[in-house]
Amino acid sequence: MKQRIGKNNAKPFKRLKGALSMLLNIHGFDGHCWNTKYEFLKKNFPEENIVSLQLDYAAESPDEVMERLRKAIAENQRPEESLRIVGSSLGGFFAYCLNASYGAAAVLINPSLLPFITLKGFHDVDTELCRWYAEFMAEYLYKADLSKITALLAEDDELLDHSYTRVILSGARLYTITGGHRPEITGETARLLRESLRR
């Protein structure tokens, strides 16, 4: 299991709300724990406790992924720290589920909130895995604290139709961005991510 905790003595331009935060970064399918979101967090919030796991979604059930994320939180979150989550694509799905479990603030970037459909449609994964995701999603759908969720949705996302995302996240803060399914974290997207994590 690959895991990083970002911490150094550099002074950030703005501390996150609260004494300290554990920032959990969750990458998407076929993604990497040291993705552009991790690099963004490390650069912009260097005093915060940044944790990013390498996940193999094709080889693990959603219950196994969730257990690894819960274990990472239990092992890395300090008593004085609030929990904040950044999740991309399938990682956004798990960020949604963790928000439902912990009430944690979460920023979802092009989240795949119906993975039992999108995984089969775009990644040709095993049907059994899609069935597991359908059963798993039933435990969390519409149970999230939407007041603590921000979603950045690309209008030019080539993989996901965010019309259903907007229905599921109705009541959350929703922002339209550009850059496709895996946008660069620059410009307006970077500004929105920074401001969302400051709340």
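Let me sum up the structure you'll find in this document. Predicted model, so just to flag it, every value in this text is computed and none were measured. (Residues numbered from 1 in each chain as written. Predicted model: local features only at pLDDT ≥ 70, side-chain atom pairs only at ≥ 80, totals over all residues. Heavy atoms only, no water.)

1. Describing the pattern of salt bridges
Counted under the stated rule, the structure contains 8 salt bridges. With its nearest N and O atoms 2.4 Å apart, the salt bridge here joins Glu128 to Arg131. Here Arg131 and Glu128 lie together in helix α5 (residues 127–138), a separation of 3 residues that amounts to about one turn. On the basis of relative accessible area, Glu128 is assigned to the partly exposed category, the value being 32%. For Glu195, the salt bridge is made with Arg191, and the minimal N-O distance between the two is 2.9 Å. (Salt bridge = Lys/Arg side-chain N within 4 Å of Asp/Glu carboxyl O. Helix = DSSP H or I, 4+ residues; strand = E, 2+ residues; numbered from the N terminus. Buried < 20%, exposed > 50% of the residue type's maximum accessible area, 1.4 Å probe, protein only.)

2. Examining the packing of aromatic side chains
Under the criterion given, the structure shown has 8 aromatic pairs. Their ring planes at 50 degrees and their centres at 6.0 Å tell us that Phe94 and Phe136 sit as a pair that is tilted. A residue pair is termed long-range when its members are at least 10 positions apart, and Phe94 in helix α3 (residues 90–102) and Phe136 in helix α5 qualify at 42 residues. In this structure, Phe94 and Phe136 share a single accessibility class: buried. Grouping aromatic residues by their ring pairs yields a cluster made of Phe29, Tyr57, Phe93, Phe94, Tyr133, Phe136 and Tyr140. (Phe/Tyr/Trp six-rings, centres within 6.5 Å; stacked < 30°, edge-to-face > 60°.)

3. Remarks on the nonpolar core
Soluble globular proteins: nonpolar side chains tend toward being buried together. Grouped together as the largest cluster of nonpolar side chains are 43 residues, with contacts concentrated most on Leu24, Ile26, Phe94, Tyr96 and Leu169. When residues of this core are traced back to their parent elements, those giving at least two are β2 (20–26), α2 (62–76), β4 (81–88), α3, β5 (105–109), α5 and β6 (149–154). Ranked by the residues each element gives to this core, the list is headed by α3, at 7 residues. Contact partners of Phe94, with chain neighbours within four places excluded, come to Ile26, Tyr57, Pro62, Val65, Met66, Leu69, Tyr133 and Phe136. Residues Leu23, Ile177, Ala190 and Leu192 belong to the second largest nonpolar core, which totals 17 residues. (Core = buried A, V, L, I, M, F, W, Y, C linked by side-chain atoms within 4.5 Å. Contact = heavy atoms within 4.5 Å.)

4. Quick look at the pairing of strand β3 (residues 49–52)
By the alternation rule, side chains of β3 split into Asn49 and Val51 and Ile50 and Ser52, which are all buried. In terms of strand pairing, β2 meets β3 through 4 bridges, oriented parallel. Within β3, the residue paired with Leu24 across the bridge is Val51. Considered for its hand, the β-α-β crossover made up of β2, helix α1 (residues 36–44) and β3 is right-handed. (Pairing = 2+ DSSP bridges. Right-handed = clockwise from strand over helix to strand, strands pointing away.)

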